[in-house]
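Observations on chain architecture
Listed below are the residues making up each chain.
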Amino acid sequence: MSQSQTKDENNLNQKNSNDGLDPNWRNDALDLGLDYGMQTIAVRAGQHRTDEGEHSEPIFTTSSYVYQSAADAAEHFDGTKTGNVYSRHTNPSVRTFERRLAALENGERAVATASGMGAILTMCLAYLKAGDHLLAANQLFGSSIGLFNNYMAKFGVEVSYVDCFDNEAWANAVQPNTKVIYCESPSNPLAQICDIGYLSELCKANDILLVVDNCFATPALQRPLDLGADVVIHSATKYLDGQGRVLGGALVGSDKLMQEAFTVVRSGGISMSPFNAWVFTKGLETLKLRMQAHCNNANQVAEFLVNHPNVSTVHFSGLSDHPAHELATRQHHMKAGYGAIMGFEVKASDSRDTKEAAWHVIDSTQMVSITNNLGDAKTTITHPATTTHFRLTPEARAEAGVKDGLIRLSVGLEDVEDIIKDLARGLDSL
């Protein structure tokens, strides 16, 4: 049989398929219609095996795709046939990650982006326009506040903020033009908790989209969509990777909302690379197991900190006297799983003010990494007021609770006794 005959038969087979879907878009290696557990989904969902029969997910490092004919290409470009067009739009490696993350978040679809901030920008461009109002929590990552204040406001989006845990303030701040409510839960850097169920009811009553950044909890601990959120945001750079290797972000939600997000990514080029997607896919395989270990360590570190005489406050919902402990217990489906990010405030001394005391604790560590990243297997520590939130005005930092004596800790997977000893070096010598 000649090559042209084979090509003609392939064309005929495709034309006889009336579903408008390329064969390589049809089948998932795992039947998600069956009642599989989260760990099974994390290991197996999303993959489509090629004719090579590979067991592990391949990396498709291609910028473009080949079609069977001019007509086949036209059908892909005009949307008659769903399939790969260009890797700025779709890529098999990225699609595997998207499918797996959507399954873990219990969403219909995910859209991957080049970074976590890329996901937040995509959210803004997809769901907001000039004249709309974005209502957000005070307690956000500094770059998110910068994006909202410096760029979305520049293009005519009104932005205002309330305390994430004050339900009455949320309700009072809603305006007729409010289109999106945005929060992190847990938040950066104080790990504060929003009442997602309450915010969902508020949004539904006012035709508002509820967008929740689930970066710190991950679907291993919390599924905001199940609690009533419309869109989930991730910086995949953090726990979804888990080892601080690559950058990426994602949005998860309904097919309709994700189509709007996908159009932004396709047009704006905020695309995830195939290699990064492959890294994230492999990271998801161990996400639940890692988060359990992170949480176990974090619970013990928090108990150490809360009992240290040179620590004035520990911001961690896993502590029984934390004001949001009951809410976090209700929203987080993993037993004793409160995340592994915490903020703690150190006391001033006769020779040091609170900033100098915080820097002393940070600089006294020998093992813990001084870096702004988090969600890593390695424990990391940073001073938010002079790093992640330094671009904010002193007034804005105060509203966000970012004090000069605040230290953010991302508890890693080392032996917890070693983490505690490393923190004690500086705390004991204040």
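Let me begin by describing the structure that accompanies this report. Keep in mind that what you see is a predicted model, and the values were worked out from it rather than measured. (Residues numbered from 1 in each chain as written. Predicted model: local features only at pLDDT ≥ 70, side-chain atom pairs only at ≥ 80, totals over all residues. Heavy atoms only, no water.)

1. What to know about the pattern of salt bridges
Operational definition: Whenever Lys or Arg places a side-chain nitrogen within 4 Å of a carboxyl oxygen from Asp or Glu, that contact is recorded as a salt bridge. Strands are runs of DSSP state E lasting at least two residues, helices are runs of H or I lasting at least four, and both sets are numbered from the N terminus onward. Here's how the labels work: a residue is buried when its accessible area is under 20% of the maximum for its type, exposed when over 50%, partly exposed in between, all with a 1.4 Å probe on protein chains only.
Within the structure shown, the criterion is met by 12 salt bridges. The closest approach of N and O atoms between E57 and K282, which form a salt bridge, is 3.0 Å. Residue E57 is found in the loop between α2 (38-44) and α3 (70-78), and its partner K282 is found in helix α11 (residues 274-285); the two are separated by 225 residues along the sequence. Put simply, K256 and E260 hold a salt bridge, and the shortest N to O gap is 3.4 Å. Taken together, the residues K256 and E260, both in helix α10 (residues 255-268) and four residues apart, mark about one turn of the helix. Judged by its relative accessible area of 29%, E260 is partly exposed. Each member of the salt-bridge network shares a partner with another, and the members are E57, R100, K282 and E285.

2. Some details on the pairing of strand β1 (residues 109-113)
Consecutive residues of a regular strand have side chains that alternate between opposite faces of the sheet. To keep it simple, the criterion reads: Each pair of strands is called paired provided DSSP finds at least two bridges between the two strands.
By the criterion of burial, β1 is predominantly enclosed, with four of the five residues buried. Alignment of β1 against strand β7 (residues 249-253), held across five bridges, turns out to be antiparallel. Each bridged residue has a counterpart across the sheet, and for V111 the counterpart in β7 is L251.

3. Quick notes on the state of the cysteines
Stated formally: Cysteine sulfur atoms are paired as a disulfide whenever they come within 2.5 Å of each other.
Within this structure, the stated rule accounts for zero disulfides. Considering cysteine sulfurs only, C194 is the nearest to C164, which forms no disulfide, with 4.1 Å between them. Cysteine C203 remains unbridged, with the sulfur of C183 as its closest cysteine sulfur at 8.6 Å.

4. Some remarks on the environment of N307
To keep it simple, the criterion reads: Distance and chemistry together define a polar contact, namely a pair of N or O atoms within 3.5 Å, with one atom able to donate a hydrogen and the other to accept it when in protein, and with adjacent residues in sequence counting only for side-chain atoms on both sides.
Looking at the element boundaries, N307 is found in the loop between α12 (287-306) and β8 (311-315). The exposed category is assigned to N307, whose relative accessible area is 60%. A distance of 2.8 Å separates a polar atom in the side chain of N307 from the backbone oxygen of E303.

5. Overview of the sheet that holds strand β10 (residues 369-370)
Put simply, the test is: Every residue pair with non-hydrogen atoms within 4.5 Å of one another is taken to be in contact. For every element, the axis is a line fit to its C-alpha atoms; helices are fit only across the contacting stretch, and the angle between N-to-C directions ranges from 0 to 180 degrees.
Read from one edge to the other, the open sheet built from five strands follows the order β8-β9-β12-β11-β10, with strand pairing classed as mixed. Each edge of the open sheet carries a strand with a single partner, namely β8 and β10. Pairing of β10 with strand β11 (residues 380-382), which is carried by two bridges, proceeds in the parallel orientation. Bridging from a neighbouring strand, I370 pairs with I381 of β11. Here helix α14 (residues 354-364) sits on the sheet in contact with β9 (341-346), β10, β11 and β12 (406-410), set at roughly 125 degrees to β9.

6. Details of the packing of helix α5 (residues 116-127) against α10
This is how the line gets drawn: Oblique is the label for any angle not covered by the other classes, which are roughly parallel (under 35 degrees), roughly antiparallel (over 145) and roughly perpendicular (65 to 115). Should the near helix be turned anticlockwise from the far one by less than a right angle, the crossing is left-handed, and should it be turned clockwise, the crossing is right-handed. Residue classes follow a fixed rule: Ala, Val, Leu, Ile, Met, Phe, Trp, Tyr, Cys and Pro count as nonpolar, while Asp, Glu, Lys and Arg count as charged, and any other residue, Gly among them, counts as polar.
Their axes nearest at 9 Å, the elements α5 and α10 cross at an angle of 110 degrees. The orientation of α5 with respect to α10, classified from their angle, is roughly perpendicular. Handedness of the α5/α10 crossing: right-handed. Side by side, α5 and α10 meet where T122, L125, A126 and Y127 of the first sit next to L257, M258, E260, A261, V264 and V265 of the second. When its residues are assigned to classes, the contact of α5 with α10 shows eight nonpolar, one polar and one charged.

7. Looking at the sheet that holds strand β5 (residues 209-213)
Across the sheet, seven strands lie side by side as β1-β7-β6-β5-β4-β2-β3; this open sheet has mixed pairing. With one partner strand each, in any of the chains shown, β1 and β3 (158-162) form the two edges of the open sheet. Within this sheet the neighbouring strands show an average axis-to-axis angle of 20 degrees, counted without direction. Relative to β7, strand β6 (residues 231-235) runs antiparallel, the two sharing five bridges. From the neighbouring strand, V232 faces β7, where its bridge partner is V252. Packing of α5 onto the sheet brings it into contact with β1, β4 (178-184), β5, β6 and β7, and relative to β6 it is tilted by some 150 degrees. Set on the sheet, helix α8 (residues 196-206) makes contact with β4 and β5; between it and β5 the angle comes to about 155 degrees.

8. Side note on the nonpolar core
The condition is simple: Residues belong to a common nonpolar core when they are buried Ala, Val, Leu, Ile, Met, Phe, Trp, Tyr or Cys residues joined through side-chain atoms within 4.5 Å.
Counting 67 residues, the largest nonpolar core has F97, V301, L305, M342 and F344 as its most contacted members. Ranked by the residues each element gives to this core, the list is headed by α12, at seven residues. Discounting residues that sit within four places of it in the chain, M342 has contacts with P189, A298, V301, A302, L305, H315, F316, I407, R408, L409 and V411. Counting residues in each nonpolar core, the second largest holds 50 residues, with L128, Y182, L199 and M258 among its members.

9. Quick word on the packing of aromatic side chains
Selection rule: Stacked, edge-to-face and tilted are the three classes for Phe, Tyr and Trp ring pairs, Trp counted by its six-membered ring, which pair at centre distances within 6.5 Å; planes under 30 degrees apart are stacked, over 60 edge-to-face, the rest tilted.
Counted under the stated rule, the structure contains four aromatic pairs. Note on Y67 and F77: the rings are 6.3 Å apart at their centroids and 70 degrees apart in plane angle, and the pair reads as edge-to-face. Taken together, the positions of Y67 in the loop between α2 and α3 and F77 in helix α3 put the pair 10 residues apart, joining distant regions of the chain. Judged by relative accessible area, which is 18%, Y67 ranks as buried.

Keep in mind these numbers describe shape, not what the thing actually does.
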